[in-house]
There are 4 protein chains.
Amino acid sequence: MKKNFRVGLIGYRFMGRAHSNAWRQAPRFFKLKAGIELHTLCGRDAAGVEAARAPLGWQNATTDWRDIVESPLIDIVDIATPTFAHAEMAIAAARCGKHVLCEKPLGLDLKQCEAMVAAVKKAGVVHMVCHNYRRIPAIALAKRMLDEGALGRIFHFRARYAQDRLADPEFPLDWRLQKETSGSGVHSDIQSHLIDLARYLVGEFTEVCGLVNTFVPRRPLASALARGVRKMGKVTAPDSALFIGRMKNGALANLEATRYAPGRKNQITLEINGRKGSLCFDFEDMNRLQYYNAEDPGDRRGFRSILVTERDGIQPYVGNWWPPGHGLGYEHTFIHTFADFVNACAEGRPVHPTFEDGLKNQRVLTAVEESSQNGRWVSLT
Amino acid sequence: MKKNFRVGLIGYRFMGRAHSNAWRQAPRFFKLKAGIELHTLCGRDAAGVEAARAPLGWQNATTDWRDIVESPLIDIVDIATPTFAHAEMAIAAARCGKHVLCEKPLGLDLKQCEAMVAAVKKAGVVHMVCHNYRRIPAIALAKRMLDEGALGRIFHFRARYAQDRLADPEFPLDWRLQKETSGSGVHSDIQSHLIDLARYLVGEFTEVCGLVNTFVPRRPLASALARGVRKMGKVTAPDSALFIGRMKNGALANLEATRYAPGRKNQITLEINGRKGSLCFDFEDMNRLQYYNAEDPGDRRGFRSILVTERDGIQPYVGNWWPPGHGLGYEHTFIHTFADFVNACAEGRPVHPTFEDGLKNQRVLTAVEESSQNGRWVSLT
Amino acid sequence: MKKNFRVGLIGYRFMGRAHSNAWRQAPRFFKLKAGIELHTLCGRDAAGVEAARAPLGWQNATTDWRDIVESPLIDIVDIATPTFAHAEMAIAAARCGKHVLCEKPLGLDLKQCEAMVAAVKKAGVVHMVCHNYRRIPAIALAKRMLDEGALGRIFHFRARYAQDRLADPEFPLDWRLQKETSGSGVHSDIQSHLIDLARYLVGEFTEVCGLVNTFVPRRPLASALARGVRKMGKVTAPDSALFIGRMKNGALANLEATRYAPGRKNQITLEINGRKGSLCFDFEDMNRLQYYNAEDPGDRRGFRSILVTERDGIQPYVGNWWPPGHGLGYEHTFIHTFADFVNACAEGRPVHPTFEDGLKNQRVLTAVEESSQNGRWVSLT
Amino acid sequence: MKKNFRVGLIGYRFMGRAHSNAWRQAPRFFKLKAGIELHTLCGRDAAGVEAARAPLGWQNATTDWRDIVESPLIDIVDIATPTFAHAEMAIAAARCGKHVLCEKPLGLDLKQCEAMVAAVKKAGVVHMVCHNYRRIPAIALAKRMLDEGALGRIFHFRARYAQDRLADPEFPLDWRLQKETSGSGVHSDIQSHLIDLARYLVGEFTEVCGLVNTFVPRRPLASALARGVRKMGKVTAPDSALFIGRMKNGALANLEATRYAPGRKNQITLEINGRKGSLCFDFEDMNRLQYYNAEDPGDRRGFRSILVTERDGIQPYVGNWWPPGHGLGYEHTFIHTFADFVNACAEGRPVHPTFEDGLKNQRVLTAVEESSQNGRWVSLT
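The structure contained in this document is the topic of the report that follows. Here the structure is a predicted model, which is why all the values come from computation and not from measurement.

Thresholds applied
- Residues numbered from 1 in each chain as written.
- Chains lettered and ligands numbered in written order.
- Predicted model: local features only at pLDDT ≥ 70, side-chain atom pairs only at ≥ 80, totals over all residues.
- Heavy atoms only, no water.
- Pairing = 2+ DSSP bridges.
- Helix = DSSP H or I, 4+ residues; strand = E, 2+ residues; numbered from the N terminus.
- Axes fitted to C-alpha atoms, helices over the stretch in contact; angles between N-to-C directions.
- Contact = heavy atoms within 4.5 Å.
- Buried area = accessible area lost by both parts, 1.4 Å probe.
- Salt bridge = Lys/Arg side-chain N within 4 Å of Asp/Glu carboxyl O.
- Polar contact = N/O pair within 3.5 Å; in protein donor to acceptor, adjacent residues only side chain to side chain.
- Nonpolar A, V, L, I, M, F, W, Y, C, P; charged D, E, K, R; others polar.
- Expected span 1.5 Å × (residues − 1).
- Buried < 20%, exposed > 50% of the residue type's maximum accessible area, 1.4 Å probe, protein only.
- Arc of directions from axis to C-beta.

**Things to note about the sheet that holds strand E3 (residues 60-62) of chain D**
All names here are of chain D. If you walk across this open sheet you meet the 6 strands as E3-E2-E1-E4-E5-E6, and the pairing is parallel. Of all the strands in the sheet, the pair left with one neighbour each is E3 and strand E6 (127-130). The mean angle between the axes of side-by-side strands here comes to 25°, regardless of whether they run parallel or antiparallel. Of the pairings in the sheet, the one linking strand E1 (residues 3-10) to strand E4 (residues 76-79) comprises 4 bridges and is parallel in character. Across the sheet, residue Val-7 finds its bridge partner in E4, namely Ile-76.

Laid out in structure tokens, this is it:
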């Protein structure tokens with residue numbers, strides 16, 4: 001008989017909504033190897049979590065995450081909280097034998113990440129970091145093409161994650177701009193996605209050099225604004241970061257993360273250049289992958305704008321949805337991620353990106369910060 | 001106490017899946033004025049409909065649509081069948097006092113559409129044709145801008161609905177290519193969407209002249225292929241159609257529908273030109289609206305690529321979803337449509353596009369066909 | 001010894017400038033089979049033409065076009081005047097044994113065009129209509145691909161020529177909006193380019209149905225404005241026109257020409273769909289050709305954005321200019337046209353588009369006007 | 001009476017052709033403050049330079065550049081040779097009192113550049129480095145907008161110069177890949193353009209950190225291939241380079257130059273983000289400037305695709321050419337540059353970018369190289 005997984009989700013705001021939707025939708029569109037039950041939703045605010053419970057589709061609500069982690073009824077713990085809470089929760093969940101899905105970045109720092117990896121390995125549970133962008137169909141297709149050698153030797157990996165909300169100095173200071181809650185601000189929050197894509201698509205970094213930066217050092221505190229008070233606070237985490245690097249396969253890397261790019265709402269742009277071709281992607285046009293095949297006939301070479309919406313297994317994931325040309329949206333990246341995670345749990349096998357990936361990611365994040373502090377290249381080998 | 005609507009859905013394939021998803025998701029993302037219960041799913045094939053029932057989220061299944069239409073438990077009948085069945089079902093549903101949501105085109109011909117309008121009006125139920133593209137956020141934004149007069153006097157409405165699956169002469173002959181099941185093939189199936197958008201955004205047609213065409217007159221029968229047999233059948237409905245026209249406000253119209261455009265998967269392109277600016281849209285890039293404001297300063301005028309993903313009521317519908325830059329997909333158009341329909345049912349008021357809209361649409365479709373037959377312009381006034 | 005052609009150009013404003021530039025530049029970038037001498041420039045205003053003479057590179061100036069046509073020193077007559085003057089000049093030039101290059105459209109009406117064709121044929125001179133867009137490198141590449149059968153059976157030809165200057169009702173009434181000087185206004189002026197491209201790329205029309213239209217019936221007279229007086233005059237020629245048609249090879253055609261499309265400055269968009277692929281072009285991005293190859297592998301099909309700037313004979317014309325990626329502009333289309341014309345003159349052979357092409361073009365223009373007047377389809381066979 | 005400048009041009013290959021064209025065309029399309037005479041063309045190969053002379057429009061040819069520099073007949077010396085020859089020629093020209101226009105980069109190294117600056121200052125001649133991309137109309141418009149404060153405080157300058165010819169390891173080793181002739185290979189050759197645009201548009205760099213790199217260390221020698229022999233040689237200059245930096249106004253910079261990006265033919269992409277908006281540019285679509293105005297109404301904000309082809313002084317340079325929508329090409333950037341240079345010579349005033357700009361550019365180039373060697377940030381203040 002098919003197994004049924006009972007899920008407990010910690011966090012019910014932006015990420016909590018996206019995760020809840022994915023838990024609900026994954027079994028509707030993918031033939032999963034186990035059933036899913038949205039068992040318990042956890043949040044610190046009793047009224048808030050209870051108000052969210054039914055609309056998000058959960059059977060129970062709690063304000064104490066240990067209720068989830070320790071419950072014998074729960075099989076999967078899904079952590080969608082601010083970063084600072086990940087380590088404690090994930091380690092406790094692993095110790096209780098739960099499979100763990102954890103939002104990115106894995107932890108606040110290397111030490112936390114290492115402890116998290118150790119915990120899940122010791123427990124033998126399935127673990128995954130929620131770098132949902134790996135499972136954009138266009139990115140999964142790019143990965144397949146790279147694995148097939150469609151680009152040959154890789155020369156360049158170039159990526160930028162650009163948003164614009166911090167360009168306004170009145171945008172409030174929330175947990176994402178504080179070191180103790182976010183780790184390294186925008187660097188941890190969105191640069192980590194680029195690092196994950198670089199590692200997934202092209203490979204490991206061997207050395208990096210970069211800078212983490214804060215354009216606006218003081219902002220109105222979000223916590224005060226919630227009480228109707230304007231009170232300025234110090235931004236203690238980077239609000240922008242960029243770095244260059246060398247990768248194991250000889251490629252040069254160039255990554256940048258910022259929330260100071262007016263007009264870029266959630267733009268993740270990638271370009272990968274290899275001996276035999278190039279690939280480009282822009283998340284604001286997420287149903288497309290650009291592909292240049294240098295081996296096309298000389299008079300008719302050009303970047304192909306591949307609409308990644310084909311049916312029936314031709315391209316990854318999309319065949320489970322609608323006919324060609326009927327595009328997907330942001331939320332689908334989570335549904336694909338969760339479907340793969342559930343299948344891995346059902347079969348007790350690893351699923352990328354694992355907590356080890358999260359740790360390796362943190363090593364790159366940390367190396368860039370160290371580089372920024374010391375003004376020099378930092379080796380990762 | 002908030003009302004709860006029990007829904008019965010007839011049809012469980014492509015449209016049935018999209019509708020089921022919309023019924024499930026609408027109450028999760030929109031504060032509806034009534035609850036939704038996915039009560040009964042209907043399909044002709046007993047095994048098929050039962051297999052679809054749970055994955056699509058329905059409580060019950062039946063093979064007889066009258067079970068839905070006549071059930072005192074059902075409040076809303078949603079018709080997602082091939083066109084030929086719409087009229088009988090909708091009329092029966094109206095007679096039983098159900099609110100009716102019907103897939104497009106409304107009916108096979110003018111006579112059916114007129115009977116359907118008469119039935120819903122007599123019954124006093126809420127009625128809507130599922131022209132889901134009206135509620136693409138970019139289209140809803142365009143409508144708002146047009147209503148505000150952002151474009152001034154309108155000169156041109158230009159639209160094309162282009163797909164490519166029929167370019168392959170081996171693509172099977174299904175109900176969509178037969179007159180008795182589809183009405184007018186591609187003309188009814190996808191041209192009707194363009195006509196709906198033209199009427200919604202710019203207004204009524206006063207005269208039209210066009211052609212309906214069949215490029216490939218014989219194809220392998222889908223019904224035979226399903227039994228593993230290749231047997232050719234006659235295509236009895238148009239597989240492409242185009243027309244020009246004049247609109248009540250003086251604008252010129254140019255509409256085209258085809259499934260013979262390789263590379264166009266589900267491309268719906270619109271351009272509207274007015275005295276003060278232009279609007280453009282492409283469904284393959286559905287989260288964007290292009291807007292040219294002729295009143296911008298002379299040296300910095302250009303089409304604005306508006307990413308229609310802003311939060312909190314700035315743009316229609318999208319604020320209920322994710323943060324800016326996190327785009328939506330095809331299925332969301334249904335969710336928006338169904339949310340508006342449910343609210344209209346709860347308040348007992350009309351919701352566009354009504355069955356009258358469906359009838360007016362059919363008048364244009366029919367006029368184009370008549371024009372094609374007679375080789376001359378046909379008046380619609 | 002290499003022949004030297006002495007050229008006389010009639011007209012020195014917009015087209016006169018573009019033609020002069022082409023005469024100067026063609027021998028600099030193309031190895032022509034004859035030399036070029038910019039002998040005499042003609043214009044009706046003595047001061048104007050003399051002021052233009054040296055900057056445009058001409059040896060002599062005159063106010064009487066017969067000085068050019070009848071001069072024994074002149075080999076080539078280039079007519080860049082308003083349309084109404086073409087026939088008389090071209091016929092006189094042919095009678096005097098000059099090779100004739102004539103701006104489009106060939107004449108005011110069928111009668112003029114027929115007389116022009118008769119004259120050049122009787123004289124045995126080389127004749128060409130200046131439909132310069134045939135020699136945009138991207139269009140020439142499209143032609144080559146179509147000739148090679150890259151698209152297979154053609155289903156659709158779709159084109160639009162869109163500008164925006166007439167959207168302003170204060171834009172003055174010049175010769176282009178008057179029947180007696182322009183023939184058929186925007187229809188003759190820019191629709192003729194689309195007809196030429198349709199015929200060049202896809203083939204002949206067999207029947208057409210369309211409308212010619214005037215959005216703004218009265219405008220300030222340009223001639224009065226030149227004297228500082230605002231005086232309204234009647235627009236006697238169409239300011240917009242659209243038509244649909246059937247082509248000899250079975251393709252459906254859809255053409256539209258307007259100057260009422262804010263934001264479209266000189267946009268010529270084409271799409272051709274065939275069994276095996278599609279081609280698209282936009283003159284506002286003239287160095288690119290979009291090509292969809294339906295025979296590319298299923299998971300990586302997409303419109304290729306071909307940058308038509310390759311070197312050394314890989315793509316038409318561009319190898320004579322700059323390295324790959326260094327694009328061309330509007331004026332280059334004339335240079336390519338004139339280079340081909342000079343070579344044809346040197347070898348005494350026809351060069352497309354000939355005056356016969358101009359006449360066939362006029363037949364389509366006329367048929368559309370007739371169709372507009374009678375409200376029905378007009379056959380061209 | 002209007003002055004007449006006699007020009008001597010050294011170099012007749014790619015740059016020589018582009019410069020000759022600009023000298024010929026500038027007076028045709030711009031009302032210059034002096035006349036231009038294409039007096040003498042110089043090249044080392046006697047047959048080659050004589051064959052090029054007439055087609056390129058020059059009166060005389062010579063194989064000794066001193067004939068030009070020392071001739072009392074010559075007013076302007078235009079240096080379009082490989083980099084290694086610039087300094088000697090420019091210094092000699094200045095000493096002889098000639099105005100000097102010199103291809104980029106100014107010299108091989110700081111020492112050369114400093115001597116060149118000293119020479120032109122001492123001589124009091126007009127001097128300019130041919131960074132032609134400053135005078136792309138879209139870039140000139142961007143500059144005007146930045147000067148007007150349209151973007152407010154600048155956060156990011158991001159640029160990439162990407163080509164693809166070196167991705168093929170068989171592409172020959174020419175002077176551009178050798179240290180002694182090129183200075184710093186791709187870094188000098190094309191990165192210098194980005195540095196110039198950064199300095200022009202946003203301001204000075206205060207510190208940089210980067211790497212210069214060689215992907216393919218040995219290639220067939222061009223000189224041997226010219227003799228039909230395949231002989232490998234060592235690449236002694238970088239074939240790719242990237243760096244990050246801080247600018248005086250607080251902006252972060254990210255620049256990259258490569259010839260290993262298949263599909264990028266001559267792509268120069270820029271993005272500038274400021275408090276009030278963003279600007280983007282792509283040379284492969286050179287007639288457009290993308291502009292996001294954060295102060296547009298909230299529901300209709302988006303990047304404007306400004307077609308920089310307006311008439312009559314609305315946008316820089318383009319009014320001298322064709323009507324709106326009739327785009328320009330690569331060669332026009334030189335024509336604009338030379339027109340400005342001639343006017344400056346006529347008025348005896350400086351014209352940007354001066355040799356001082358070339359020197360400051362070299363300081364950045366050198367700092368990046370030093371940074372690459374030492375693995376750390378290098379200050380430029």
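**Some points on the interface of chain D and chain A**
With 46 residues of chain D in contact, the opposing surface of chain A contributes 46 residues. It is Arg-158, Phe-215 and Pro-262 of chain D that lose the most area in chain D upon contact with chain A, and together they represent 17% of the buried surface on that side. At the junction of chain D with chain A, the criterion picks out 8 salt bridges. Here Arg-275 of chain D ties to Asp-168 of chain A by a salt bridge, and the two come within 3.7 Å at their closest N and O atoms. Linking chain D with chain A are 27 residue pairs in polar contact (both at pLDDT 80 or more), by the criterion used here. Elements supplying a minimum of two residues to the side of chain D that touches chain A: strand E7 (154-162), strand E8 (205-213), strand E11 (240-247), strand E12 (252-258), strand E13 (267-274) and strand E14 (277-282) of chain D. Classifying every residue of the side of chain D that touches chain A gives 20 nonpolar, 14 polar and 12 charged.

**Concerning helix H5 (residues 110-123) of chain B**
All names here are of chain B. The end-to-end C-alpha separation of H5 is 20 Å, in line with the 20 Å expected for 14 residues at 1.5 Å each. What H5 keeps buried is the set Gln-112, Cys-113, Met-116, Val-117, Ala-119 and Val-120. Taken end-on, H5 shows its buried residues confined to a sector of 165°, consistent with a single buried face. Exposed side of H5, more than 90 degrees from the buried face: Lys-111, Lys-121 and Lys-122 are the residues found there. Where the residues of H5 are buried, they touch helix H4 (86-95), strand E5 (99-103), strand E6 (127-130) and helix H11 (355-374).

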